[in-house]
There are 2 protein chains.
Amino acid sequence: MALKSFIEVHPDSHFPIQNLPYGVFRPGPGSTPRPGVAIGDYVIDLSEIASAGLFDGPILKNFSDCFHQPNLNKFLALGKPAWKEARSTLQKLLSSTEPTLRDNAILREKALVPLIPFATAQNKIELLLPIAIGDYTDFFSSMHHAKNCGTIFRGPENPIPQNWFHLPIAYHGRASSVVISGTDIIRPRGQGHPSKNSPPYFGPSLKLDYELEMAAVVGPGNELGRPVDVNEAADHIFGLVLMNDWSARDIQAWEYVPLGPFLGKSFGTTISPWIVTLEALEPFSCDAPVQDPNPLPYLAEKKSQNYDISLEAHIKPAGAKDSSVVTRSNFKHLYWTLTQQLAHHTINGCNLRPGDLLGTGTISGPEPESYGCLLELTWNGQKPLSLNGTGRKFLEDGDEVIITGYCKGNGYNVGFGTCSGKIVPPLP
Amino acid sequence: MALKSFIEVHPDSHFPIQNLPYGVFRPGPGSTPRPGVAIGDYVIDLSEIASAGLFDGPILKNFSDCFHQPNLNKFLALGKPAWKEARSTLQKLLSSTEPTLRDNAILREKALVPLIPFATAQNKIELLLPIAIGDYTDFFSSMHHAKNCGTIFRGPENPIPQNWFHLPIAYHGRASSVVISGTDIIRPRGQGHPSKNSPPYFGPSLKLDYELEMAAVVGPGNELGRPVDVNEAADHIFGLVLMNDWSARDIQAWEYVPLGPFLGKSFGTTISPWIVTLEALEPFSCDAPVQDPNPLPYLAEKKSQNYDISLEAHIKPAGAKDSSVVTRSNFKHLYWTLTQQLAHHTINGCNLRPGDLLGTGTISGPEPESYGCLLELTWNGQKPLSLNGTGRKFLEDGDEVIITGYCKGNGYNVGFGTCSGKIVPPLP
């Protein structure tokens, strides 16, 4: 029989008892940020559950202060046995057959916070960045994305660099400008260079783009000089979020030789508020693509798996009533797996820390409608999209981009909610 | 008359009363990390000065808890007026004519910690990373370095990319692996690709290199979306450290297309423990090179200045009695100034935070002996160096690289001490 909660959860909800994603929230203005878990239209306040002594398993009974923190980093540092214990405690506590929380009105009042904000500002729940991000890395793991970008920028002969099939290419991103879903994105200014012999110009970006990505949140991490084995790498990943790696294509194209993307990316990166754990995603695992050539031994996995996560990107222009779907993709299209990414990241001895963020890179699939950014969808502005009759080459001020993702279970979804951001003009 | 301290300072010392660089230290094993200022062979424990109520100026009397912290970030966040006040308070307190500290034996005993470690482990002072680094960025601001690297990797025709003269090129670095001087550097493993048609190999790097750099430590920072004006950028820089941006040239050459350096750099970056303030460096400012073409208006400075800082890199092979000087360079060779770097970094709205680190890139000058890394000095291994009779193409296990730097004043130096690290083999 399917697991069921005493909290009513709509069948279309992303947050049934099978999911239980982690976030950080303020129940109202001025209150202290604290960890929470989403279920249906509620957040379980984990600081209240901890204060009530209900994290009473062998690990967390001694470490429940990790739920009295303004971010999840301490909990992440505890590692997989603690994560399993927390999930099992919460699934039991929330199940329809367990009276502890169900029949305790006072505790329910304290611990269950409605996720849908009330109309009044006084009662507004605020979702915050769930982690303090020490370092943010962005990979480039979709072959279709690599091929399309290479064709657009360097032509159809050998669009994918030779190294791409041997290692999961990545660059260090900017941690300070990672923001939570719902934060406005200010159009960046910078240099562009439209043609070979003209001088560069300066101004607001003319080629502002979204990138549909997901990102892994790192758990315990590793010491400097001690790589993580690819077959143990899954124990170092707590879960996944949706990510929009906003990109200014004109700035990026001019600056990126020879040291890679910098200001074309660092003005903002949006993540969704809820971290869906690998444990909740496990029923949706699937085989990763066969890799040819065979990866070097340090990247060769006993079992190479992806997840079947349906992903969509929508654009909602200013004043429009509805958004238009522009991308329909799936996490399973990634060529390099999360575990290969993490093992590669540490093979030189580089240390990962709890809360580090590893972006997958834009997740494009083989079909044109699965391309994960406007650069690919409009072929660098040559083929404008139609959004309910309005043309789009790149993002305009007022455009809101909404990314969603979910796994389809039997009678329920394990979903990520949304990752959204609206473009606003530069400050004067 | 020259400013003089009651603490005797050798004329060759890097740390006279004119300098007063900031660091963080533990007076002995197990004690709490705390901020300090170096003078001669001593560290002034700023937590003791604060506890004694001696930071009594208008700003710091209310904020002296910034000296009861395990890093300098809170002090950095206070900004330039607080930094000026602290320097003026400390210069007065340490001057030969001021009795407050000079004649108070009990306070002197508490606040003056010998910098030269005692022989016994129990009394050993430990210097720590002075800042919690949110983000580390590395620029590429020496024209000579850009030209040499471009010639080696891409040939003598157009060795410097067209964009280089229009903007200070940079990449995001890895913050987690920035370590304090004296930390061993573990030789990274990774993929190399010696020739076009062979498959990549895997193993310990065969082309391990140092890079002589300096780095700016960011002060108050800026909000997302609010760029810092180039003419106000100096107020956002607290001071400078020496930096060694260790580089594995074989890993870097294979991985860096198209997204830039990643594992070729992220195994370790060493900084010196003492941050020399811009205020202490001001007497050594000099004109920056004339820039042609003129930079775009957002990079055009009313006054474009560098600093006259003599820099050296030494290599001391395992078992050798002495080190050999391999680089003699100078900070003044940089084409792009620190303030242009910082203004460019924020022009897209990217937010900087207190404690962020901005590396200059390798500081090479025009003469061959001023080249700041082995890649340039040995022309990618083609012309080995001689270290007291021992040949060197790249770094070998046991090699210690020591970077030093100082400004020559009239009868005193304002110096940076040393930034050192020894190469050790990968862990089994």
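Analysis parameters
- Within every chain, residues take consecutive numbers counted from 1 along the sequence as written.
- Chains carry letters and ligands carry numbers; both start at the beginning, A for chains and 1 for ligands, and go up in the order they are written.
- Selection of residues for local features in this predicted model requires a pLDDT of at least 70, selection of side-chain atom pairs for listing and counting requires 80 or more, and totals for whole chains, interfaces and linings are taken over all residues.
- Excluding hydrogens and water, the side-chain figures rest on all heavy atoms present in the structure.
- UniProt positions are given in the numbering used here, feature names are shortened, and annotations may be inferred rather than shown by experiment.
- Only DSSP runs of H or I with at least four residues qualify as helices, and only runs of E with at least two residues qualify as strands; both kinds are numbered from the N terminus onward.
- Relative accessibility under 20% of the residue-type maximum defines a buried residue, over 50% an exposed one, and the middle range a partly exposed one, all with a 1.4 Å probe and only protein chains included.
- Two residues form a contact once any of their heavy atoms are found within 4.5 Å.
- As used in this structure description, the phrase polar contact means that two N or O atoms lie within 3.5 Å; if the pair is within protein, one of them must be able to donate a hydrogen and the other to accept it, and residues adjacent in sequence are counted only when both atoms belong to side chains.
- The quantity reported as buried area is the accessible area (1.4 Å probe) lost by two parts once they are put together, taken as the sum for both.
- For this document, the term salt bridge refers to a Lys or Arg side-chain nitrogen within 4 Å of an Asp or Glu carboxyl oxygen.
- How far each domain reaches was decided by an automatic or database domain assignment.
- Under the convention adopted here, Pro, Cys and the residues Ala, Val, Leu, Ile, Met, Phe, Trp and Tyr are nonpolar, Asp, Glu, Lys and Arg are charged, and Gly plus all remaining residues are polar.
- When DSSP locates at least two bridges between a pair of strands, those strands are taken to pair.
- Lines fitted to C-alpha atoms define the axes, with helix axes restricted to the stretch in contact, and inter-axis angles between N-to-C directions lie between 0 and 180 degrees.

(A) How the structure looks around the UniProt feature "binding site: substrate" (unreviewed entry) in chain A. Under the UniProt annotation, the feature "binding site: substrate" (unreviewed entry) is placed at A:Phe140, A:Arg154, A:Gln252, A:Tyr256 and A:Thr362. Relative to the helices and strands, A:Phe140 is located in the loop between β6 (136–139) and α7 (143–154). Exposure remark for A:Phe140: the relative accessible area of 9% places this residue in the buried category. With near-sequence residues (within four places) excluded, A:Phe140 lies in contact with A:His145, A:Ala146, A:Trp164, A:Ile169, A:Thr360, A:Gly361, B:Pro258 and B:Leu259. Judged by relative accessible area, which is 39%, A:Arg154 ranks as partly exposed. In this structure A:Arg154 touches A:Pro159, A:Pro161, A:Tyr256 and B:Pro258, once residues within four positions along its chain are discounted.

(B) Layout of the UniProt feature "active site" (unreviewed entry) in chain A. Residues and elements named next belong to chain A. As recorded in UniProt, the sites labelled "active site" (unreviewed entry) are His-145. Looking at the element boundaries, His-145 is found in helix α7. Residues in contact with His-145, not counting those within four places in the same chain, are Phe-140, Glu-211, Thr-362, Ser-364, Cys-373 and Glu-376. Within polar-contact distance, the side chain of His-145 engages the side chain of Thr-362 at 3.5 Å.

(C) Inspection of the interface of chain A and chain B at higher detail. Of the residues lining the interface, 60 residues belong to chain A; the matching set on chain B comes to 60 residues. Of the roughly 5,600 Å² buried between chain A and chain B, counting both surfaces, carbon and sulfur atoms make up 61%. Counting the contacts that link chain A with chain B gives four salt bridges. Linking A:Arg174 and B:Asp356 is a salt bridge whose minimum nitrogen-to-oxygen distance equals 2.7 Å. Mapped onto the side of chain A that touches chain B, the elements with two or more residues apiece are β6, β7 (170–172), β10 (189–192), β11 (201–204), α8 (249–255) and α10 (338–346) of chain A. Sort the elements by how many residues they give to the side of chain A that touches chain B and β7(A) lands first, with three residues.

(D) Fine view of the side chain of B:Ser47. All names here are of chain B. Following the sequence through the fold, Ser-47 ends up in helix α1 (residues 46–51). Note on Ser-47: relative accessible area 9%, which makes it buried. Polar side-chain contacts of Ser-47 include one of 2.6 Å to the side chain of Asp-45. Setting aside residues up to four positions removed in sequence, Ser-47 forms contacts with Arg-34, Pro-35, Phe-67 and His-68.

(E) Here's a closer look at the domain arrangement of chain A. Residue and element names in this part refer to chain A. Domain annotation for chain A reports domain 1 (22–128) and domain 2 (136–424). Here the C-alpha centre of domain 2 lies 30 Å away from the C-alpha centre of domain 1. Counting residues at the interface gives 19 residues for domain 1, matched by 16 residues for domain 2. Carbon and sulfur atoms supply 69% of the area that domain 1 and domain 2 bury against each other, a total of about 1,500 Å² over both sides. Three residues, Tyr-22, Leu-76 and Trp-83, lead the burial of domain 1 against domain 2; their summed loss comes to 38% of the area buried on that side. Between Glu-279 and Lys-84 there is a salt bridge whose closest N-O contact spans 3.7 Å. Among the secondary structure elements, those contributing two or more residues to the side of domain 1 that touches domain 2 are β1 (22–26), β2 (34–39), α3 (73–78), α4 (80–94) and β5 (126–128). Broken down by class, the residue content of the side of domain 1 that touches domain 2 amounts to 12 nonpolar, four polar and three charged.

(F) The side chain of A:Asn306, seen in detail. All names here are of chain A. Within the element layout of this structure, Asn-306 appears in strand β19 (residues 305–307). A polar side-chain atom of Asn-306 sits 3.0 Å from the main-chain carbonyl oxygen of Leu-334. Each residue touching Asn-306, except ones within four places of it in the same chain, is listed here: Phe-284, Ser-285, Cys-286, Asp-287, Ala-288, Pro-289, Phe-331, Lys-332, Leu-334 and Thr-337.

(G) Summary view of the sheet that holds strand β2 (residues 34–39) of chain B. All names here are of chain B. Overall, antiparallel pairing links the five strands, which are arranged β4-β3-β2-β1-β5 in an open sheet. In this open sheet, the two strands that pair with only one neighbour each are β4 (112–114) and β5 (126–128). Neighbour to neighbour, the strand axes of the sheet diverge by 45° on average, direction disregarded. Relative to strand β3 (residues 42–45), β2 is paired through four bridges, and the arrangement is antiparallel. Within β3, the residue paired with Ile-39 across the bridge is Tyr-42. Of the strands in this sheet, β1 (22–26), β2 and β3 are in contact with helix α4 (residues 80–94), which crosses β1 at around 70°.

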